[in-house]
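Structural overview
Chain residues, written in single-letter form:
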Amino acid sequence: QKEVEQNSGPLSVPEGAIASLNCTYSDRGSQSFFWYRQYSGKSPELIMFIYSNGDKEDGRFTAQLNKASQYVSLLIRDSQPSDSATYLCAVVSGSARQLTFGSGTQLTVLP
Amino acid sequence: DTAVSQTPKYLVTQMGNDKSIKCEQNLGHDTMYWYKQDSKKFLKIMFSYNNKELIINETVPNRFSPKSPDKAHLNLHINSLELGDSAVYFCASSQPAWGAVSEKLFFGSGTQLSVL
């Protein structure tokens, strides 16, 4: 079983819609959860992090965490074509407390 | 000024060759990493160094050898390259806070390695 799982997509949404990206993780003791965005041919960059159950909002982005169900999601409101990228979920877990990435969800926002 | 720089950006080589990728960060971070990203975008940690000391060494063939001459540099040397080594290799750095893990990784621009 993969430690961090994401639907690889591609996920397509029209401009202005809400894009919903989901991630599940296997280590129930995981403490910290992150979303990185990676444009094609570029390096990943951190866009959101969340530690506690519930929602965390930052501009058009909302991260949601449910530790009981072991999932974390990212909502992008008013999606723009510039949001088209691969979104990588990452989780801190294990005795070494290292960051483990999912395989990413490719998002395309259609103008 | 680029925060994390790695060279070369592209590396095309024949099977069996030995090659190196260099990484430098000017952020003053204590921790540096090498990640490998395969064609399906799966980003997997290979090594982690904290202040020149190896702290994470994932199951990586011993043909891969990291070297950290100082905390600002982490190079990756690969011996006897194989077809399966073709991937994008990212260097990254972070600054762990006391009692916590730093999750914010600053990535270099990546090295696209193609083994023919």
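One can find the structure itself at the top, above this paragraph.
The residue count restarts for each chain, going from 1 along the sequence in the order it is written. In the order they appear in the text, chains get letters beginning with A and ligands get numbers beginning with 1. Only residues with pLDDT of at least 70 get local features here, since the model is predicted, and only at 80 or more are side-chain atom pairs given and counted; chain-wide, interface and lining totals rely on the full set of residues. The side-chain figures draw on all heavy atoms in the structure; neither hydrogens nor water molecules are used.

Regarding the overall build of chain A
For clarity, the threshold we go by: Secondary structure is summarised from DSSP: a helix means a run of H or I of at least four residues, a strand means a run of E of at least two, and numbering begins at the N terminus for each. Values of the radius of gyration come from C-alpha atoms, whereas the globule rule sets the reference at 2.2 Å times the count of residues to the power 0.38. Using a 1.4 Å probe on the protein chains alone, a residue whose accessible area is under 20% of its type maximum counts as buried, one over 50% counts as exposed, and one in between counts as partly exposed.
Looking only at helices and strands, chain A has zero helices and 11 strands in total. Its C-alpha atoms give chain A a radius of gyration of 13 Å, near enough to 13 Å, the size a compact globule of 111 residues would have. With the principal axes as the frame, chain A shows a C-alpha extent of 45 × 30 × 20 Å. Out of the 111 residues in chain A, the part that is buried amounts to 45%.

Some remarks on the overall build of chain B
The line we're drawing: For this analysis, residues touch if any pair of their heavy atoms sits within 4.5 Å.
A tally of helices and strands in chain B yields zero helices and 11 strands. Mapped in sequence order, the helices and strands of chain B form the string β-β-β-β-β-β-β-β-β-β-β. Each principal axis of the C-alpha atoms in chain B carries an extent, and together these give about 45 × 30 × 30 Å. Counting all 116 residues of chain B, 43% fall into the buried class. A sequence separation of at least 24 residues applies to 55% of the contacts in chain B between residues at least 6 apart.

A word on the packing of aromatic side chains
Rules: Stacked, edge-to-face and tilted are the three classes for Phe, Tyr and Trp ring pairs, Trp counted by its six-membered ring, which pair at centre distances within 6.5 Å; planes under 30 degrees apart are stacked, over 60 edge-to-face, the rest tilted.
Within the structure shown, the criterion is met by 11 aromatic pairs over all chains. A ring pair is formed by A:Tyr25 and A:Phe33, whose centres lie 4.8 Å apart and whose planes are at 45°; its orientation type is tilted. You'll find A:Tyr25 and A:Phe33 in the same group, each marked buried. What links up through ring pairs into an aromatic cluster is the set A:Tyr36, A:Phe101, B:Tyr33, B:Tyr35, B:Phe90 and B:Phe107.

What about the sheet that holds strand β8 (residues 73–78) of chain B?
All names here are of chain B. Note the cut-off: For two strands to pair, DSSP has to find at least two bridges joining them. Whenever a helix is involved, its axis is fitted only over the stretch in contact; in every case the axis is a line through C-alpha atoms, and angles between N-to-C directions fall within 0 to 180 degrees.
The strand order β1-β3-β8-β7 describes an open sheet built from four strands, whose pairing is antiparallel. A strand with exactly one partner marks an edge of an open sheet, and here the two such strands are β1 (4–7) and β7 (64–70). Geometrically, the sheet is characterised by an average inter-axis angle of 15° between neighbouring strands, direction not taken into account. Bridge count between strand β3 (residues 19–25) and β8: four bridges; the pairing is antiparallel. For Ile 21, the partnering residue across the bridge sits in β8 and is Leu 76.

So, the interface of chain B and chain A
Note the cut-off: Summed over both partners, the accessible surface that disappears when two parts come together, traced with a 1.4 Å probe, is what is meant by buried area. We count a salt bridge whenever a side-chain nitrogen from Lys or Arg sits within 4 Å of a carboxyl oxygen from Asp or Glu. Note that Gly is not counted as nonpolar here; it falls among the polar residues with everything else outside the nonpolar set of Ala, Val, Leu, Ile, Met, Phe, Trp, Tyr, Cys and Pro and the charged set of Asp, Glu, Lys and Arg.
Across the boundary between the two partners, chain B contributes 17 residues, which contact 18 residues of chain A. Of the roughly 1,500 Å² buried at the junction of chain B and chain A (both faces included), carbon and sulfur atoms supply 58%. Connecting chain B to chain A are zero salt bridges. Every element with two or more residues in the side of chain B that touches chain A is listed here: β4 (31–37) and β5 (43–50) of chain B. Residues of the side of chain B that touches chain A, tallied by class, amount to nine nonpolar, three polar and five charged.

Purely geometric numbers; function is a separate question.
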